Amino acid sequence: MIGDTTEAKECRRKNPMDLFRSGQVVKICAPMVRYSKLAFRTLVRKYSCDLCYTPMIVAADFVRSAKARDSEFTTNKGDHPLIVQFAAKEAQVLCDAARIVCPFADGIDLNCGCPQRWAMAEGYGACLINKPELVKDMVRHVRNQIDNPKFSVSIKIRIHEDLKRTVDLCQKAEAAGVSWITVHGRSIEERHQPVHYDAIKTIKQSMSIPVVANGDIKTLKDAENVHQLTEADGIMVARGLLANPAMFAGYEETPLKCIQDWVDIALEHGTPFTCFHHHLMYMMERITSKQEKKVFNVLSSTSAVLDYLNDHYGM
């Protein structure tokens, strides 16, 4: 599950809230199923990412099963500040999960934004935006049961059609002691519609805690624009970072150095081939022709990928 236990404990104790007090816009790697794992977090941290989230982990499974803990949560001493995101619907289960990761991470986040059918059917994710009292209760329980005052408790939400309900949810969470709130500026039903940055601004103006903006941010310029539009304290990026992990460092497209870094990091971490290959497909999307993609995307082994990169890019 966790490498370098004692060293990880010693080096952590970073207070993620210090990032928000710095006066700079906090640059954040979003929780991404299968993708925001340790190797990828290591890569984006090399390129000006301030804060990383794990993929969403179902808290009940994590608490119940050592196997789930081993497969879902891996970290090391350089992997900070780190937020572990959980799907949960019961306060005590979330507290138990938070207690397990507390020695190794810098905070937890409650997912109140995942719109996938399976999550909603289980009572997780975006359906929680319609249960403000439950969200408040979960936040308060974690706050009361985790002794470390530097350990953050945040939530990530979507918006309601009626924004007053979203503001009410956020204010309830703030009253319960939430550290910050990330707002994906779409409703549960919306997928590819434009993001409502004006809604994020309204929420920001009604809160005294930090607010992070999320949704359709593909370049550093987009991040700066969204910061201007929303006045958000942080910018969280998902697909933009998959396509260009060096985005926060100001690169317009993935530099070859970043691709080389990914190869080195992934091999060192023993990243499974499919994940290793998928990340490269995302990263090389903008810098390869249709013909090159046809060849590269069907390669089926690490050695074939390494040969390809060597032949085409001299890596």
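Residues numbered from 1 in each chain as written. Predicted model: local features only at pLDDT ≥ 70, side-chain atom pairs only at ≥ 80, totals over all residues. Heavy atoms only, no water.

J.: I'd love a proper account of the overall build of the protein, names of residues and values included.
T.: Tallying secondary structure elements over the protein gives 16 helices and nine strands in all. Here the protein holds 315 residues, and 54% of them are scored as buried. For the protein, the proportion of contacts with a sequence separation of at least 24, taken over those separated by at least 6, is 69%. For the protein, the exposed surface amounts to about 13800 Å²; the carbon and sulfur share of it is 50%. (Helix = DSSP H or I, 4+ residues; strand = E, 2+ residues; numbered from the N terminus. Buried < 20%, exposed > 50% of the residue type's maximum accessible area, 1.4 Å probe, protein only. Contact = heavy atoms within 4.5 Å. Areas by Shrake-Rupley, 256 points an atom, 1.4 Å probe, with all protein chains shown as cover.)

J.: Please give an account of the environment of T74 that cites residues and values.
T.: Within the fold, T74 resides in the loop between α5 (66-72) and β4 (82-87). For T74, a relative accessible area of 36% puts it in the partly exposed group. Taking the C-alpha atoms as reference points, T74 and M236, 162 residues apart in sequence, are found 21 Å from one another.

J.: Would you mind going over the UniProt feature "active site" (unreviewed entry) in the protein in detail, with residue names and values included?
T.: The residues that UniProt annotates with the feature "active site" (unreviewed entry) are C114. Taking the relative accessible area as the measure of exposure, C114 reaches 12% and is therefore buried. (UniProt positions renumbered as here; feature names shortened; annotations may be inferred.)

J.: Give me the lowdown on the environment of R239, citing residues and values where you can.
T.: By the secondary structure assignment, R239 is in helix α12 (residues 239-243). On the accessibility criterion, R239 (49% relative accessible area) is partly exposed. Considering only alpha carbons, one finds R239 and M32, 207 residues apart in sequence, at a separation of 8.7 Å.

J.: Could you give me a rundown of the UniProt feature "binding site: FMN" (unreviewed entry) in the protein, with the residues and numbers involved?
T.: In this numbering, the UniProt entry assigns the feature "binding site: FMN" (unreviewed entry) to P31, M32, V33, Q85, H184, A238 and R239. As for the lining of the largest pocket, the annotated residues named previously contribute P31, M32, V33, Q85, H184, A238 and R239. With respect to the helices, strands and loops of the structure, V33 is situated in the loop between β1 (26-29) and α3 (38-46). Looking at the secondary structure, you find H184 in strand β7 (residues 181-184). (1 Å grid on protein atoms, 1.4 Å probe; cavity = no way out; pocket = protein on both sides within 12 Å on 5 of 7 lines; lining within 4 Å.)

J.: Tell me about the confidence of the model for the protein, residues and numbers included.
T.: Segments scoring low in pLDDT should not have their predicted coordinates read at a detailed level. Per-residue pLDDT for the protein has a mean of 95; in total, 96% of the residues score no lower than 70. Within the model, pLDDT remains below 50 along residues 2-12, and this stretch shows 21 contacts once partners closer than five positions in the same chain are excluded. (pLDDT = per-residue confidence, 0-100.)

J.: Could you give me a rundown of the side chain of R45, with the residues and numbers involved?
T.: Mapped onto the elements, R45 comes out in helix α3. Among the residues examined, R45 registers a relative accessible area of 18% and is labelled buried. Leaving out residues up to four positions away in the same chain, R45 has contacts with D50, C52, G78, D79, H80, P81 and L82.

J.: Talk me through the layout of surface pockets; I want residue IDs and the actual numbers.
T.: For the largest pocket, the calculated volume is near 880 Å³. Together, 31 residues line the largest pocket, and P31, M32, R158, A238 and R239 are the ones closest to its centre. In terms of residue count, the dominant contributor to the lining of the largest pocket is α12 (three residues). Per-class residue counts for the lining of the largest pocket are 14 nonpolar, nine polar and eight charged. In this structure, the second largest pocket occupies an estimated 320 Å³ of space. Forming the walls of the second largest pocket are 19 residues, and the residues nearest its centre are K37, L38, A39, T74 and P272. For the lining of the second largest pocket, the secondary structure elements donating two or more residues are α3, α5, α13 (256-269) and α14 (273-284). Per-element tally for the lining of the second largest pocket: the top contributor is α3, with four residues. (Points joined across faces, edges and corners; volume = space filled by probe spheres on them. Nonpolar A, V, L, I, M, F, W, Y, C, P; charged D, E, K, R; others polar.)

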